[in-house]
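Breakdown of the fold
Below, each chain spelled out in residue letters.
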Amino acid sequence: MTPQKITMGPDGLLKVPDFPIVPFIEGDGIGPDVWAASKMILDAAVEKTYGGTRKIEWKEILAGEKAYKQTGEWLPAETLDIAREYLVSIKGPLTTPVGGGIRSLNVALRQELDLYVCLRPVKWYKGVPSPVLRPENTNMVIFRENTEDIYAGIEWAAGTPEAKKLLDFLTNELGAGKKIRFPETSAFGIKPVSKEGSERLVRSALKYALERKLPSLTLVHKGNIMKFTEGAFKQWGYDVAEREFGDQVYTWGQWEKAKKTQGEEEANSRMKKAEAQGKLIVKDVIADNFLQQLLLAPQDYSVVATLNLNGDYISDAAAASVGGIGISPGANINYITGHAVFEATHGTAPRFANTNTMNPSSLLLSGVMMLEYMGWQEAADSIEKALAETIMRKRVTIDFYNLMNDATLLKTSEFAQEVVKALA
Ligand code: NAD
């Protein structure tokens, strides 16, 4: 069979051939070590699961230091073209170039491909050292909006002519000058949040939750303070849920309406009925409270949809509570075009480059997410199981070894071999 491209069908469903070509970026620093280990496990799992009837044909593309050394560019146009053409790719961590034209290679990739969802599953694997008492209570998937918000990069340094111009505009045209405490020395940042951007994010999260029959979707926002950006995100989220998925969801917005018109008892009984019918409950929580809830009652949350900055904080805090900063995976996805880049969530840890000591699980689990996205669920499940078993047997890399009693210390490549051995 000749290897083929993954494509997007006219029905909006991904078409994955049995021998798909998948571009990969090895990454900088510890990237080559963790990529070699992850690739070995991904290939072994696919081979074992499908007995040679399916196989990934890897295609290297360049970015970061390796690209700079070979081509003089940090992110060659060809890399973007290939990522665009082949839809699904995977990458190790990349150095953020200091100075130069690109703020961050990751941000450039996200913007170029309009990858509007940053997807971060957070769950605990038995045996992983965790700072909380019951890490098993956390099992959630975070949909972080990836293209808007204060992250859009529209900001001006204090004292620049642009900051002065904006201050004049705010003062003279919009009458908002008095709200700025120290006008002459203020820097400014703009926070764009759109209806389209919020709706497509929440819509993707709703579909994800409904397809997997998950109990709830929570809109996390700071709408009590930022009413027209974060508050609107919440409202647009509820609206899209009720308008497009009305018979499959019950929202807190509906509960509030019922409470006003029918009384609290009736509203509660409707909510209970919806839960009993297996409807998806759509609720909202203010971001600061949500950070408490992550520690106090994580079992109440399954899918979370949130804006860019909140999502950044929440993803890392949630990952830390399951001990998973070193092993938590991520993906950047555009569910409409099908474009997706799966990636390790940690950085390049340059001090440990080429030491063959770091934990490959973050990139590996990103690969597992990629297999799921491709519809190769059986291979994905087999890796997750083998990884969990290896950790449970305390055969681990240095990061976990340092936090466990009676563990066996393994090199990155040895750990990969253990996981391969554990594949069913
Ligand atoms: P980092 O994640 O690279 O490293 C911080 C520390 O975390 C390391 O010293 C190490 O102790 C630990 N660590 C990281 N990955 C690990 C692994 N797989 N196994 C075990 N321990 C691990 O963060 P940093 O030092 O802030 O950033 C270094 C470089 O990486 C910078 O250039 C930064 O811009 C870049 N970065 C890239 C990405 C990305 O490509 N997605 C993300 C974050 C940082």
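As a reminder, the structure under discussion sits directly above these lines.
Residues numbered from 1 in each chain as written. Predicted model: local features only at pLDDT ≥ 70, side-chain atom pairs only at ≥ 80, totals over all residues. Heavy atoms only, no water.

The subject of this paragraph is the layout of surface pockets. Roughly 1300 Å³ of volume is contained in the largest pocket. Forming the walls of the largest pocket are 47 residues, and the residues nearest its centre are Leu119, Tyr208, Arg212, Tyr335 and Glu372. For the lining of the largest pocket, the secondary-structure elements that each account for two or more residues are strand S6 (117-123), strand S7 (139-145), helix H6 (195-211), strand S14 (329-333), helix H12 (361-374) and helix H13 (377-392). Residues that form the lining of the largest pocket fall into these classes: 28 nonpolar, nine polar and ten charged. Lining the second largest pocket are 36 residues, with Ser104, Asn106, Val107, Arg110 and Arg144 sitting closest to its centre. Looking at the lining of the second largest pocket, the elements that each hand over two or more residues are helix H4 (105-112), S6, helix H11 (308-321), S14 and strand S15 (340-344). Broken down by element, the lining of the second largest pocket gets its largest block of residues, five residues, from H4. Residue classes in the lining of the second largest pocket are distributed as twelve nonpolar, 14 polar and ten charged. (1 Å grid on protein atoms, 1.4 Å probe; cavity = no way out; pocket = protein on both sides within 12 Å on 5 of 7 lines; lining within 4 Å. Points joined across faces, edges and corners; volume = space filled by probe spheres on them. Helix = DSSP H or I, 4+ residues; strand = E, 2+ residues; numbered from the N terminus. Nonpolar A, V, L, I, M, F, W, Y, C, P; charged D, E, K, R; others polar.)

Positive phi, normally seen in glycine, also occurs at Leu87, with a value near 65°. On the basis of relative accessible area, Leu87 is assigned to the buried category, the value being 8%. For Lys394, which is not glycine, the phi torsion reads 60° and is therefore positive. Along the chain, the position of Lys394 falls in the loop between H13 and strand S16 (395-396). Assessed through its relative accessible area of 29%, Lys394 is described here as partly exposed. (Buried < 20%, exposed > 50% of the residue type's maximum accessible area, 1.4 Å probe, protein only.)

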